[in-house]
Amino acid sequence: DAKTTQPPSMDCAEGRAANLPCNHSTISGNEYVYWYRQIHSQGPQYIIHGLKNNETNEMASLIITEDRKSSTLILPHATLRDTAVYYCIVEGHYTGTASKLTFGTGTRLQVTL
Amino acid sequence: AAGVIQSPRHLIKEKRETATLKCYPIPRHDTVYWYQQGPGQDPQFLISFYEKMQSDKGSIPDRFSAQQFSDYHSELNMSSLELGDSALYFCASSPGLGYTFGSGTRLTVV
């Protein structure tokens, strides 16, 4: 079962920041927070991941609360091409095994003019 | 940079036929995952391989089998196809941290 809770849908005006929340209250100490997005029928695309510190890359920023029970993905200047389903996934890493990503229902972000 | 390659991109099969989907991971990625995504659904984990051994198994029907070969590519074999098997099938690979997905194979069973 997915370990995260996300709103089913959000709207954002083009050029504005999109802030996508995710709750993961049962996260354990060795589990990472991953964000992926899926644009219609394409393969899921990696966005960013973090353990406990905030992270930023060329696509987005990830803000993780101090207790690690929730996080927010920030797309600083949303464009129409950012319209997609965004998945927040919590997963651990263990030496010698392959931890799978378990997808929940995600947030469908619609960017509008 | 090389990505995860899946073939074929599209496949049409009749009921009760057999299909084989192939996945070529990113070089030096030792782990492969298979996912199934039905229409309007989220990706569902099927099976994974780490260093050519089955690592984890999800909701994969007994009619499906998979393996990872010595060159790390993987094949998903699907027999006695049913209409409900129509879906997108994604493969992902990982070097241990982080996952890269392929573009998927769209299987249509008629």
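Computed from a predicted model, the values in this text were never measured in an experiment.

A. Examining the sheet that holds strand E8 (residues 84–92) of chain A more closely. Residue and element names in this part refer to chain A. With mixed pairing, the five strands of this open sheet are ordered in space as E1-E9-E8-E3-E4. Only two strands of the sheet have a single neighbouring strand rather than two, namely strand E1 (9–13) and strand E4 (45–50). On average, adjacent strands in this sheet sit at an angle of 25 degrees to one another, irrespective of strand direction. By the bridge criterion, eight bridges tie strand E3 (residues 31–38) to E8 in an arrangement that is antiparallel. What sits directly across from Val33, in E8, is Val90.

B. Region of the structure containing the state of the cysteines. Summed over all chains, the structure comprises two disulfides over all chains. Paired by a disulfide, Cys22 of chain A and Cys88 of chain A hold their sulfur atoms 2.1 Å apart. Judged by the sign of its S-S torsion, about -80 degrees, the bond between Cys22 of chain A and Cys88 of chain A is left-handed. Note that Cys22 of chain A is positioned in strand E2 (residues 18–23) and Cys88 of chain A in strand E8, a separation of 66 residues in sequence. Comparing Cys22 of chain A with Cys88 of chain A shows no difference in burial state: the two are buried. One disulfide in the model links Cys23 of chain B with Cys91 of chain B; its S-S distance is 1.7 Å. Residues Cys23 of chain B and Cys91 of chain B are joined by a disulfide whose S-S torsion is about -55 degrees; by sign, that bridge is left-handed. Separated by 68 residues along the polypeptide, Cys23 of chain B in strand E3 (residues 19–24) and Cys91 of chain B in strand E9 (residues 87–94) bring together distant segments of the chain. Taking the relative accessible area as the measure of exposure, Cys23 of chain B reaches 0% and is therefore buried. Exposure remark for Cys91 of chain B: the relative accessible area of 0% places this residue in the buried category.

Thresholds applied
Residues numbered from 1 in each chain as written. Chains lettered and ligands numbered in written order. Predicted model: local features only at pLDDT ≥ 70, side-chain atom pairs only at ≥ 80, totals over all residues. Heavy atoms only, no water. Pairing = 2+ DSSP bridges. Helix = DSSP H or I, 4+ residues; strand = E, 2+ residues; numbered from the N terminus. Axes fitted to C-alpha atoms, helices over the stretch in contact; angles between N-to-C directions. Disulfide = S-S within 2.5 Å. Buried < 20%, exposed > 50% of the residue type's maximum accessible area, 1.4 Å probe, protein only.

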